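# Geometric and topological summary
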Amino acid sequence: MLSTLVSAFAGLVLVATSGGPSDEMFDALRRAPEGPTAEQLEADVSAALRESGSATADILLERAMVAQTMQDFDLSREFLDRAIAVEPDFSEAWFQRAMLFIVDEAYDQAILDLNEALTHEPRHFNAWLMLGNVFEQLGQNREAVEAYREVLAIHPNHERARAQVRRLEPLVFGRAI
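Residues numbered from 1 in each chain as written. Predicted model: local features only at pLDDT ≥ 70, side-chain atom pairs only at ≥ 80, totals over all residues. Heavy atoms only, no water.

## Side note on unusual backbone geometry
- One non-glycine residue, Gln 71, lies in the positive phi region at around 60 degrees.
- Looking at the element boundaries, Gln 71 is found in the loop between α4 (55-69) and α5 (73-86).
- In this model, Glu 105 sits at a positive phi of 60 degrees, which is unusual for a non-glycine residue.
- Structurally, Glu 105 can be placed in the loop between α6 (91-103) and α7 (107-120). (Helix = DSSP H or I, 4+ residues; strand = E, 2+ residues; numbered from the N terminus.)

Structure, rendered in structure tokens:
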């Protein structure tokens, strides 16, 4: 009986400490038909990306996002720095900090943080999307198209990425005759 309780408790601890979206969530997003189902799955994956598995890091991220909505970007960055220190593998914290660097037009630092976010979660479609945006800001349209294509490989129904690919491909690769 005790071993059953210990096994059950160990399973609960594992569930409580694991964060982020599951492989099944990403598979469902990739296979989802266009429309409300894909939109709901996108929201679910995005919500799961905000869960690190560390209550402390998750609270710091929440506070950073509140500070962002209040446009207190310095405070937001402090919270994100702390979240990253507590949970260095927390891709969403890296992503959110990259967003602050983009606001400051510190594109080199934004790229570093986006790369770090993608190192920890290569399927973070919002990080790929922002990387594409940064590349566009830097005039690197070929790299931007590649980043937007990565979004579509993960989330084929992502309207913004699809529109960006349609807009940039003729500029990068020319038009078909």
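## Looking at the nonpolar core
- Within the largest apolar cluster, 45 residues are counted, with the highest numbers of intra-cluster contacts made by Leu 114, Phe 125, Trp 128 and Leu 131.
- At 8 residues, the largest contribution of residues to this core is made by helix α8 (residues 125-137).
- Discounting residues that sit within four places of it in the chain, Trp 128 has contacts with Leu 118, Pro 122, Ala 147, Glu 150, Val 151 and Ile 154. (Core = buried A, V, L, I, M, F, W, Y, C linked by side-chain atoms within 4.5 Å. Buried < 20%, exposed > 50% of the residue type's maximum accessible area, 1.4 Å probe, protein only. Contact = heavy atoms within 4.5 Å.)

## Section: α8
- The end-to-end C-alpha distance of α8, which contains 13 residues, comes to 19 Å, matching closely the 18 Å that a straight helix rising 1.5 Å per residue would cover.
- Residues of α8 that are buried include every one of Phe 125, Asn 126, Ala 127, Trp 128, Leu 129, Met 130, Leu 131, Gly 132, Asn 133, Val 134, Phe 135 and Glu 136, and no others.
- Looking at the buried side of α8, the elements it contacts are α2 (23-31), α3 (36-49), α6, α7, α9 (141-154) and α10 (159-173).
- Positive phi appears at Gly 139, one or two residues downstream of α8, with a value of about 75 degrees. (Expected span 1.5 Å × (residues − 1).)

## Structural notes on the pattern of salt bridges
- A complete count under the given rule lists 10 salt bridges for this structure.
- Across the pair Arg 30 and Asp 27 runs a salt bridge whose closest N-O atoms are separated by 2.9 Å. Here the residue Arg 30 and the residue Asp 27 both occupy positions in helix α2, the gap between them amounting to 3 residues, near one helical turn.
- Arg 149 is the partner of Glu 169 in a salt bridge, and the nearest nitrogen-oxygen pair spans 2.6 Å. Residue Glu 169 is found in helix α10, and its partner Arg 149 is found in helix α9; the two are separated by 20 residues along the sequence.
- The class of Glu 169 is partly exposed, set by a relative accessible area of 27%.
- The partly exposed category is assigned to Arg 149, whose relative accessible area is 38%.
- Taken together, the shared-partner salt bridges connect Asp 23, Glu 121 and Arg 123 into one network. (Salt bridge = Lys/Arg side-chain N within 4 Å of Asp/Glu carboxyl O.)

## Considerations on the confidence of the model for the protein chain
- On average, residues of the protein chain carry a pLDDT of 90, and 89% of them reach 70 or more.
- Here residues 1-17 scores under 50 on pLDDT; set against residues more than four positions off or in separate chains, the count is 3 contacts. (pLDDT = per-residue confidence, 0-100.)

## Here's the deal with the packing of aromatic side chains
- Applying the stated criterion to the full structure yields 0 aromatic pairs.
- Across from the ring centre of Phe 101, 4.6 Å away, lies the NZ or CZ of Arg 77, which sits over that ring. (Phe/Tyr/Trp six-rings, centres within 6.5 Å; stacked < 30°, edge-to-face > 60°. Lys NZ or Arg CZ within 6 Å of the ring centre and 35° of its normal.)

## A few points about α3
- For α3, built from 14 residues, the straight-helix expectation of 20 Å at 1.5 Å per residue is met to within 8% by its first-to-last C-alpha distance of 20 Å.
- Turning to α3, its buried residues number three or more, namely Ala 38, Leu 41, Val 45, Ser 46, Ala 48 and Leu 49. For α3, the arc enclosing every buried residue in end-on projection is 160 degrees, short of the 170-degree limit, so these residues lie on one face. Those residues of α3 that are exposed and angled more than 90 degrees off the buried face are Pro 36 and Glu 39.
- In this structure, the buried side of α3 is in contact with α2, α6 and α8. (Arc of directions from axis to C-beta.)

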